[in-house]
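Residues per chain, in single letters:
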Amino acid sequence: LSTLDELVGNVLDHLEETGQLENTIIVFQSDHGHSKEERAYFGGGNAGPFNGAKFSMLEGGIRVPAIISWPGNIPSGEVRHQWAGAVDWLPTLADFVDVELNDPAVLDGVSLRDVIVNNEDSPHDVMFWATGNPEQTSNSWAVRKGPWKLLGNPFDPAKKLSFSEEDKLYLVNLTQDSTESSNLAKQHPEVVSELNQLHTEWIKEILSQRNK
């Protein structure tokens, strides 16, 4: 972390020295939650109030911090809590610098300009996450619609939560419980069915695009 801090500082120093700091959009974001792998010495970070870690579809694995800086052009010292994804950065940056994308319809991401500048609601209605090849139905995945999130084959590398065979489809309401500590699938089967169908259609779309 100290090395990363130093190298990022070198980049910022160079931009300032060359007079380009206020002419540069800087985005800094983690790509996943903290690692519990052996190569990371079995972890050292934590997900704060959330459960999960790297490779998990729990919030501790996919809810990560991000910072964007563009002095004089976007608000500074403010925080946004709307949900978004790393796939949104390409259309967001293109929007900020007035670059027209050739075929924005093929992108999974959308511009966050209104979220960043005007603190408007998230442009997302539905978002998807998954690991591994889409054909492998045993991999972990998740789909979110509004406050509802359905996890498939959930697991917690941090081992704070445990899951049984009945939890292969695990439903949570993030507004009511951001720690995802209880499976609400039995109480809301209609939500499980809807989100599971959205996931199935998403996988079919991925396979269709890959096979073109």
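Structure shown above.
Residues numbered from 1 in each chain as written. Predicted model: local features only at pLDDT ≥ 70, side-chain atom pairs only at ≥ 80, totals over all residues. Heavy atoms only, no water.

**Here's the deal with the overall build of the protein**
Here is step 1: Along its length, the protein carries 5 helices and 6 strands.
Here is step 2: The secondary structure elements of the protein, listed N-terminal to C-terminal, are α-β-α-β-α-α-β-β-β-β-α.
Here is step 3: Per-residue burial over the protein gives 33% buried out of 212 residues.
Here is step 4: Sequence-distant contacts in the protein: of pairs separated by 6 or more residues, those separated by 24 or more amount to 49%.
Here is step 5: With an accessible surface of roughly 13400 Å², the protein has 51% of that area assigned to carbon and sulfur atoms.
Here is step 6: Distance between charge centres in the protein, computed from 16 positive and 32 negative side chains, equals 9 Å. (Helix = DSSP H or I, 4+ residues; strand = E, 2+ residues; numbered from the N terminus. Buried < 20%, exposed > 50% of the residue type's maximum accessible area, 1.4 Å probe, protein only. Contact = heavy atoms within 4.5 Å. Areas by Shrake-Rupley, 256 points an atom, 1.4 Å probe, with all protein chains shown as cover. Lys, Arg positive; Asp, Glu negative; His and termini not counted. Charge placed at Lys NZ, Arg CZ, Asp CG, Glu CD.)

**Overview of the packing of aromatic side chains**
Here is step 1: Taken as a whole, this structure holds 3 aromatic pairs when the rule is applied.
Here is step 2: Note on Trp 70 and Phe 96: the rings are 5.6 Å apart at their centroids and 70° apart in plane angle, and the pair reads as edge-to-face. Taken together, the residues Trp 70 in the loop between β2 (66-69) and α3 (89-96) and Phe 96 in helix α3 connect sequence positions 26 residues apart.
Here is step 3: Judged by its relative accessible area of 6%, Phe 96 is buried.
Here is step 4: When the ring of Phe 128 is compared with that of Trp 202, the centres are 4.8 Å apart and the planes differ by 10°; the resulting orientation is stacked. Taken together, the positions of Phe 128 in strand β3 (residues 126-130) and Trp 202 in helix α5 (residues 189-210) put the pair 74 residues apart, joining distant regions of the chain. (Phe/Tyr/Trp six-rings, centres within 6.5 Å; stacked < 30°, edge-to-face > 60°.)

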